[in-house]
Amino acid sequence: MFNKPVSIFVSSTFKDMQVERDLLLNKVLPQLNEWAENWKSSVDLIDLRWGVDTADISEEEMGVRVLGSCLDEIANSKPFFIGILGDRYGWIPDKAMMDAVLATAGKQLYNEPKSVTELEIDQGALHLLDPSTTLFFFREEVDYSGQPEDILGVYRDSEEGLARLNRLKREIEGRHDVCIERYHANFEHGELVPAGSWTSDVADAIWKMIVENAGWQRPPMFEPTPEVAEKDAQEAFEYRLKRAFAARRDTVDWLARYCLGETLPLPGNSTFSDDAVNNRPEQMLLLKGQPGSGKSSLVAAVASKIRAHDPETLVIPLYCGLTSFSSQLQGILKYGLEEMQAGCADFWYDATAVKSLSGTNTSFGYYLPLLAKEVKRVVIFLDGIDTLAAVEHDSFRAWASEPFLANSKLAWARKPFPDNLRVVITSSSDEEDDMVLHYGGRVISLDSFSLPVDELEEIVHQQGAIHHKQLPQKAVRELLDLRDDALGVPAQNPLFVSLIVQSFALMSRRELAVIDGYMAEGLSQPDALVRYLSEQMNDTIHPSLAGAYLYYLDRLGEQFGQLRMRWILGLIAASEHGIRLADIERILIRQRLSFEPYLLQRIKVVMGDHLRFSGKGKVIDFAHPILRSIIWANWTTDVFAINTAIVEFYQSIIGTMSPDFSALSEAQRGLFGQGFQEIVDAIGDDFATWALPWHLKIKEDYERAVATAEAEAAYDPRSEESIRALMEESVKVDKRQ
């Protein structure tokens, strides 16, 4: 069940509320998202602490852009709003400037100037007909006695400012349906720090507001079927892709027209069959591009455009590799049959025929032409076919007339396709080229579609907007100028851009202090940010996608601790279907390694393209080939720590084993699947000599113990004791070895 993520705008004055904003980001937000995971959703707090592009423009234009960005974010976050007020009224822009922004946004003008903070509160909360989706936190009764003037200047306004602030507070209090929480704060090392349980109280209040107003539907208590879980994962993935997509307008238009049946000129760098040369309209297209180049986002954008332009066309996007279900050919095709049935009332398929891979292949190929007869047009997107597990099936070889057909993930296809059917496949590999050509299709490189500089800039700014930040134009040009002999312009890869922009969306107070130091030297905020960005890119980030990933692993290691990151990445790499974030937290606690919850939140953000939902929360996947290759290349130095963590992980699960063994079964499926053997093969003999027997011994003992326990007619507590004793003894033996 997919619940739309919630964004909440956070309004306050800046310098006097740094501690509260940090607590919201580092403490409150991780807690909110931990709760939201149970609802299959997420929460985002919009903090415009920095990031408005004001390079090379006048002071008036700068103010207009700052205010405009605030109004845009408030509109995007409605109806949710949080206001935090202390003893400062805030910066008051010029009246003409404020009028210009409000007029551009179509808002009613004010009779007198207001501070940016009051403007945000008025537009985000007080203008709402039902302000029940707003929260206010008033910091009160602060003891300023004995504080130096420079501290007082940060936290307490002038008499005129305090008068305006008190008027604003009375206006807020006058709305009976607005929730107001009051709190105290004390000075610690020259900073005002909220007292008592402020963090947990704020988290509870925000969560109550979300649950009552977001319209979320709680997922069923029982474990969803693989088909239901897959539906949720597919919808959530497409929602995120459409939200993040930018530029490539010509490419979207070309693909949409192709899918709607037009015969179009081939772009450059294309391969096509003899049928294509003879102007036969191809029914199949393979779009290829390097990892992270935006193929999935392109599919989501094209599907959305077709639905809007021609609602009678049945569009079925199938995103491969989102879950263990859709990582298998049989799973994704079975999901496709479900979508066919959901999209056409007159279509029905025999579900009993999809019990095996060969049956599912046969059914998909058989029913696809039948579906085409019932609707105006059918468009099937098979995105990321290279992420599917390798196909090995004797029944394929029985009819395969060509060697490449036997192991193909397109063996379900049958010639000839109906004229009103289009199949679009995306991949980063060459595995399916021959198969597509065999069916009279065309193979096109994403590089064949030009990406002008202005569209590259649009992609950069869109990635920043996702994190509610804007990179100054100077910084964008710096990024676009990075070149690599092998990859050309790295910014053509949206994943590279996303990783760089995330770096600034997650800046810590220490890093912000560096930028403030540059500003103290006389640089404007944009110029200071450009300087920081240039230093980071030139000194730390190699201008390639792999370089960006290495930079992020180092960055997380610095913040999270190198040993913690090695264990986390090792567990992910050793798993076949990913590992739950909750289990990562358990491992860290078990190893007595202290950590801040917000650091797990940072992992979620940075590894966002590798996160998916399982039945029990978010799971970090390890599907991206570049990230996987980097970890494999650096694996050997971390083997011992990772092995220790895995053993401790199993011991902790055994210690809390439930009668149905569900937790241990899930862990066994993840940590000892095909993915682990692949890693062993990639690393070589040194790893396998001593590490592999240890793992296999635990695996064998586990499987034998579970088989014995499951054979019992009723649960016997002695079974759990015998399993624990057996496993503990096996670990002792292996340690002696």
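What you see is a predicted model, and the numbers here were worked out from it, not measured in a lab.

About the thresholds
Residues numbered from 1 in each chain as written. Predicted model: local features only at pLDDT ≥ 70, side-chain atom pairs only at ≥ 80, totals over all residues. Heavy atoms only, no water. Salt bridge = Lys/Arg side-chain N within 4 Å of Asp/Glu carboxyl O. Helix = DSSP H or I, 4+ residues; strand = E, 2+ residues; numbered from the N terminus. Buried < 20%, exposed > 50% of the residue type's maximum accessible area, 1.4 Å probe, protein only. Core = buried A, V, L, I, M, F, W, Y, C linked by side-chain atoms within 4.5 Å. Contact = heavy atoms within 4.5 Å. Pairing = 2+ DSSP bridges. Axes fitted to C-alpha atoms, helices over the stretch in contact; angles between N-to-C directions. Parallel < 35°, antiparallel > 145°, perpendicular 65-115°, else oblique. Left-handed = near helix turned anticlockwise from the far one by under 90°. Nonpolar A, V, L, I, M, F, W, Y, C, P; charged D, E, K, R; others polar.

> Before we move on, can you summarise the pattern of salt bridges with the specific residues and values?
One pass over the structure, following the stated rule, counts 26 salt bridges. The partner of Lys 334 in a salt bridge is Glu 227, and the shortest N-O contact between them spans 2.9 Å. Note that Lys 334 is positioned in helix α12 (residues 329-343) and Glu 227 in helix α8 (residues 226-244), a separation of 107 residues in sequence. Between Glu 458 and Arg 249 there is a salt bridge, and its shortest N-O distance comes to 2.8 Å. With Glu 458 in helix α17 (residues 453-466) and Arg 249 in helix α9 (residues 249-259), this pair connects stretches of sequence that are 209 residues apart. Residue classification places Arg 249 among the partly exposed positions, given a relative accessible area of 42%. Bridged by salt links that share partners, the residues Lys 114, Glu 118, Arg 167 and Glu 171 form one connected network.

> Residues and numbers for the nonpolar core, please.
Across soluble globular proteins, nonpolar side chains show a tendency to be buried alongside one another. In this structure, Met 284, Leu 382, Leu 410, Trp 412 and Ile 425 are the most contacted members of the largest nonpolar core, which totals 41 residues. For this core, the elements supplying multiple residues, two or more each, are β9 (284-288), β10 (313-319), α12, α13 (357-374), β11 (377-383), β12 (421-427) and α16 (433-438). Not counting residues within four places of it along the chain, the set of residues in contact with Met 284 comprises Tyr 258, Leu 410, Ala 413, Phe 417, Val 423, Ile 425, Val 436, Tyr 439, Gly 441 and Arg 442. Counting residues in hydrophobic clusters, the runner-up holds 34 residues, among them Ala 491, Ile 500, Tyr 518 and Tyr 552.

> Could you give an account of the sheet that holds strand β1 (residues 6-12), with specific residues and numbers?
One open sheet holds the five strands; their spatial order is β2-β1-β3-β4-β5, and the pairing between them is parallel. Each end of this open sheet is capped by a strand with a single partner; those strands are β2 (43-46) and β5 (179-183). Adjacent strand axes in the sheet meet at a mean angle of 20° when their direction is disregarded. In terms of strand pairing, strand β4 (residues 134-139) meets β5 through five bridges, oriented parallel. Along β5, the bridge assignment pairs Leu 135 with Cys 179. Sitting on the sheet, helix α1 (residues 18-37) touches β1, β2, β3 (81-85), β4 and β5, and the angle it makes with β2 is about 165°. Across the sheet, helix α6 (residues 159-173) touches β3, β4 and β5, and the angle it forms with β4 is around 140°.

> So what's going on with the environment of Leu 479? Residues and values would help.
With respect to the secondary-structure elements, Leu 479 resides in helix α18 (residues 473-480). Here Leu 479 falls in the buried class, since its relative accessible area comes to 1%. Those residues within four positions of Leu 479 in sequence are excluded, and the remaining contacts are Val 460, Ala 491, Phe 496, Val 497, Ile 500 and Met 537.

> So what's going on with the packing of α17 against α18? Which residues, and what values?
Axis separation between α17 and α18 bottoms out at 10 Å; the angle between their running directions is 115°. Between α17 and α18, the interaxial angle falls into the category roughly perpendicular. The two elements α17 and α18 cross, and the hand of that crossing is right-handed. On α18, the residues that touch Val 453, Leu 456, Glu 457, Val 460 and His 461 of α17 are Gln 473, Val 476, Leu 479 and Leu 480. Across the contact of α17 with α18, the residue classes break down as six nonpolar, two polar and one charged.

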